[in-house]
Amino acid sequence: MIGFGLLAPLAAAQTADEVNVWPFSVTQIGPSGAAESWSGLGPFLFKYTLNPAAPVPSAALRHAGGEQPAQPGDEVSGFRPLYVQRHLPDGTLAEVTVLYPLYYWRDYGDYYKWSIFSLINRYNRKAGLGPDVNPEGRTLDIWPFYFSRQGPDAQSSYEGFFPIAGSIQGFLGYDRVQWVLFPLWGQSEKANATTTYTPWPIIRNITGAEHGFAVWPLFGHVERPGVFTRKYFLWPLTWNNTIQPSDDKPPGTPPKREVGFLPFYTAEHGPDIVSENYLWPFFGYTDRVAPYRYHETRYFWPFLVQGRGDNLYVNRTGPFYTHSIRKGVDKTWVMWPLWRRMTWTDEDLVQTKTQFFYFLYFDAEQRSASNPGIPPARKTFFWPFCSIWDNGAGRRQFQAPGLFDVFFPDNENIRESWTPLTVLIRHSETPDGAARTSLLWNAVTWQRAPGEGGSQFHLGPLLEVERKPEGRRIALGSGLIGLKRSPGGGWHLFCMEFSRRPDKKTSLAQ
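Nothing here was measured: the structure is a model prediction, and the numbers come from that model.

Each value, and the rule that gives it
Residues numbered from 1 in each chain as written. Predicted model: local features only at pLDDT ≥ 70, side-chain atom pairs only at ≥ 80, totals over all residues. Heavy atoms only, no water. Helix = DSSP H or I, 4+ residues; strand = E, 2+ residues; numbered from the N terminus. Buried < 20%, exposed > 50% of the residue type's maximum accessible area, 1.4 Å probe, protein only. Areas by Shrake-Rupley, 256 points an atom, 1.4 Å probe, with all protein chains shown as cover. Contact = heavy atoms within 4.5 Å. Phe/Tyr/Trp six-rings, centres within 6.5 Å; stacked < 30°, edge-to-face > 60°. Lys NZ or Arg CZ within 6 Å of the ring centre and 35° of its normal. Pairing = 2+ DSSP bridges. Salt bridge = Lys/Arg side-chain N within 4 Å of Asp/Glu carboxyl O. Core = buried A, V, L, I, M, F, W, Y, C linked by side-chain atoms within 4.5 Å. Lys, Arg positive; Asp, Glu negative; His and termini not counted. Polar contact = N/O pair within 3.5 Å; in protein donor to acceptor, adjacent residues only side chain to side chain.

Q: Quick question: what am I supposed to make of the overall build of the protein chain here?
A: Counting its secondary structure elements, the protein chain contains two helices and 45 strands. Counting every position in the protein chain, which comprises 510 residues, the buried fraction comes to 42%. As displayed, the protein chain offers around 26900 Å² of accessible surface, 64% of which is attributable to carbon and sulfur atoms.

Q: Which parts of the structure should I look at to understand the environment of Arg 467?
A: Looking at where Arg 467 falls in the secondary structure, it is placed in strand 42 (residues 463–468). Residue class for Arg 467 comes out partly exposed when judged on its relative accessible area of 47%. Along the primary structure Arg 467 and Gly 453 are separated by 14 residues, whereas in three dimensions their C-alpha atoms are 8.3 Å apart. Every residue in contact with Arg 467, bar those within four places of it in the chain, is listed here: Gly 453, Gly 454, Ser 455 and Arg 472.

Q: So what exactly am I meant to see when it comes to the packing of aromatic side chains here?
A: Any aromatic ring pair is given by two values, namely how distant the centres are and how the planes are angled relative to each other. Enumeration according to the criterion identifies 31 aromatic pairs in this entry. Both rings, one in Phe 300 and one in Phe 303, keep their centres 5.8 Å apart while their planes meet at 20°; by these two values the pair is stacked. For Phe 300, a relative accessible area of 40% puts it in the partly exposed group. Among the aromatic residues, those joined into a cluster by ring pairs are Trp 143, Phe 147, Phe 162, Phe 171, Trp 179, Phe 182 and Trp 200. Seen from the ring of Tyr 104, Arg 106 lies directly overhead, with NZ or CZ sitting 3.8 Å from the centre.

Q: Just to check I follow, could you spell out the environment of Pro 183 for this structure?
A: Residue placement: Pro 183 occurs in the loop between strand 15 (174–180) and strand 16 (185–190). Residue Pro 183 is classed as partly exposed on the basis of its relative accessible area of 35%. Between the C-alpha atom of Pro 183 and that of Pro 201, which follows or precedes it by 18 residues, the distance is 7.6 Å. Look past the residues within four positions of Pro 183 in its chain and what remains in contact with it is Pro 199 and Trp 200.

Q: Can you help me understand the pairing of strand 29 (residues 312–317) in this one?
A: Consecutive residues of a regular strand have side chains that alternate between opposite faces of the sheet. With six bridges joining them, strand 28 (residues 304–309) and strand 29 adopt antiparallel strand pairing. By the bridge assignment, Val 305 is partnered in strand 29 with Arg 316. Taking the residues that link successive antiparallel strands as the turn, the strand 28-strand 29 hairpin has two residues, and the phi of Asn 311 there is positive, at about 55°. Note: strand 29 against strand 30 (residues 321–326), five bridges, orientation antiparallel. Bridge assignment links Val 314 to a residue of strand 30, and that residue is Ser 324. Between strand 29 and strand 30, which pair antiparallel in sequence order, lie three residues.

Q: Teacher, can you tell me more about the pattern of salt bridges here?
A: As a working rule, side chains carrying opposite charge can pair if their charged atoms are close by. Counted by the stated rule, this structure contains 23 salt bridges. Put simply, Glu 497 and Arg 473 hold a salt bridge, and the shortest N to O gap is 3.3 Å. In this pair, Glu 497 is assigned in the segment after strand 45 (491–495) and Arg 473 in strand 43 (residues 471–476), connecting sequence segments 24 residues apart.

Q: Could you clarify how one ought to interpret the nonpolar core in this entry?
A: In a soluble, globular protein the nonpolar side chains are often hidden away together inside. If you look at the biggest cluster of nonpolar residues, it comprises six residues: Phe 46, Tyr 48, Leu 50, Ala 70, Val 76 and Val 84. Setting aside anything within four residues of it in sequence, one finds Phe 46 in contact with Trp 38, Ser 39, Val 76, Ser 77, Gly 78, Phe 79, Arg 80, Val 84 and Glu 416.

Q: What is the right way to look at the side chain of Arg 122 in this model?
A: On the secondary structure map, Arg 122 appears in strand 10 (residues 120–125). The charged side chain of Arg 122 is buried without a salt bridge, its nearest counter-charge being Asp 141 at 8.3 Å. A distance of 3.4 Å separates the side chain of Arg 122 from the backbone oxygen of Thr 139, its partner in a polar contact.

Q: Whenever I open this one, the pairing of strand 7 (residues 93–98) confuses me. Can you help?
A: Examined bridge by bridge, strand 6 (residues 83–87) and strand 7 share five bridges and lie antiparallel to one another. Note that in strand 7 the partner of His 87 across the bridge is Leu 93. Connecting strand 6 to the antiparallel partner strand 7 that follows it, the hairpin turn spans five residues, and Gly 91 within it adopts a positive phi of roughly 95°. Taking the residues that link successive antiparallel strands as the turn, the strand 7-strand 8 (residues 103–108) hairpin has four residues, and the phi of Leu 99 there is positive, at about 45°.

Q: Mind showing me how you'd approach the environment of Ile 142 here?
A: Tracing the chain through its elements places Ile 142 in strand 11 (residues 138–142). Remark: the alpha-carbon pair of Ile 142 and Ile 120, spanning 22 residues in sequence, is separated by 4.4 Å.

Q: Looking at this structure, I do not really get unusual backbone geometry. What am I missing?
A: Trans is the prevailing form of peptide bonds, just as negative phi is the prevailing case for residues other than glycine. Geometrically, the link from Trp 22 to Pro 23 is a cis peptide bond, its omega value of 5° lying close to zero. Following the sequence through the fold, Pro 23 ends up in the loop between strand 1 (17–21) and strand 2 (25–29). The residue after Trp 383, namely Pro 384, is reached through a cis peptide bond having omega 0°. Locating Pro 384 in the fold gives a position in the loop between strand 35 (377–382) and strand 36 (386–390).

Put into structure tokens, the structure is as follows:
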């Protein structure tokens, strides 16, 4: 199945009856009499249940680490943009955001995580559970001053107060980083090599699997026997590196040499590649024979570049025109940065992204690679005027204006907390032919049921016009007074007929 996740309001039923007492309350009532969605005070207060018949927004699956992703039957509610929460069908609280991205809380099964603007982060085990055997442990970070982790043993635990003293594991690609009165003393460990700084980053002493010494930026030397030797002088102006061949190369394969004397000359010479630059980085060439064949010539880089090879292609006359194919990604620029198109295949999906000046026009399309006859899914943004979503299976949505989504196309929290505040017009359709249009945060709504199911029009609580197979109804004041007609009959006056109220026993308002 292809298709982009649609905006959260599409998850609500499109064929439900409506009780519109705008701006205080607008309720969608399902066949069972229960309120399936509710909003109040315009876009601010809301509550709805993800419809099992609707696709789950793809961005809701964006997190790893065991988080409970959004699923049909989940209940989402809140007071935008201050507070938004999501509950699982069994009532478990799965996610909370407060003025997103200022604060969020998420459920990870036995664990939970909360974050304040991604600067203060807490990952902890829920109370009342058994022994903690998770190697990730419990963490608390207060950037950039405090870092801690309580793992199942001392080897996986750490604590640090920056810049006083401390130790961190798995930081910026290093196995371990330690410091005392930083930058006076620091130490990093990676791939069984230890680098000691006294102070950082000037004096460096490397021991372990590698050995060397450096007075940065004057000179430096580090060697990993049988793997590489690296030297530099007046970094980054001069360097001389020797890279030994990997174990899968035939015996006797010569090493690769990398030299540079900026800005005049740099070179890389190896058994599979020759690359040289003159007046770096403006003029140069690259010849590669393995693991793929490729030749590239550069004239006043990055403006004039030509490259040809195995599944590689570059033809650049920047900023006027660029066409490149790298690792299966076909990319074209015209009058950079005005227009760009990118096409690539991800598993069974052929994806195409077209942009005009990055965000003024943004179009993303997904097609089935194995069955190109299937209608494509597409999301299109004309910033700041509108956004259009189509999942390729009959579910569509239009909304205007569209201020946020083009900048956060896959961020469901932004679309839930902020987007509805600025959307004045929204129109949505479902595969069965149902459709709903709302203006000014449900002040004016019109919806059509599938087939001959009829239609409803609401001008807030002032006017309601309803057409259904069982009759027609025109009401003022949400049923204070009005007219109705049965099939084949005449019009009848009614008073105080406030029908289709939600069943209090099954309503979302419980």
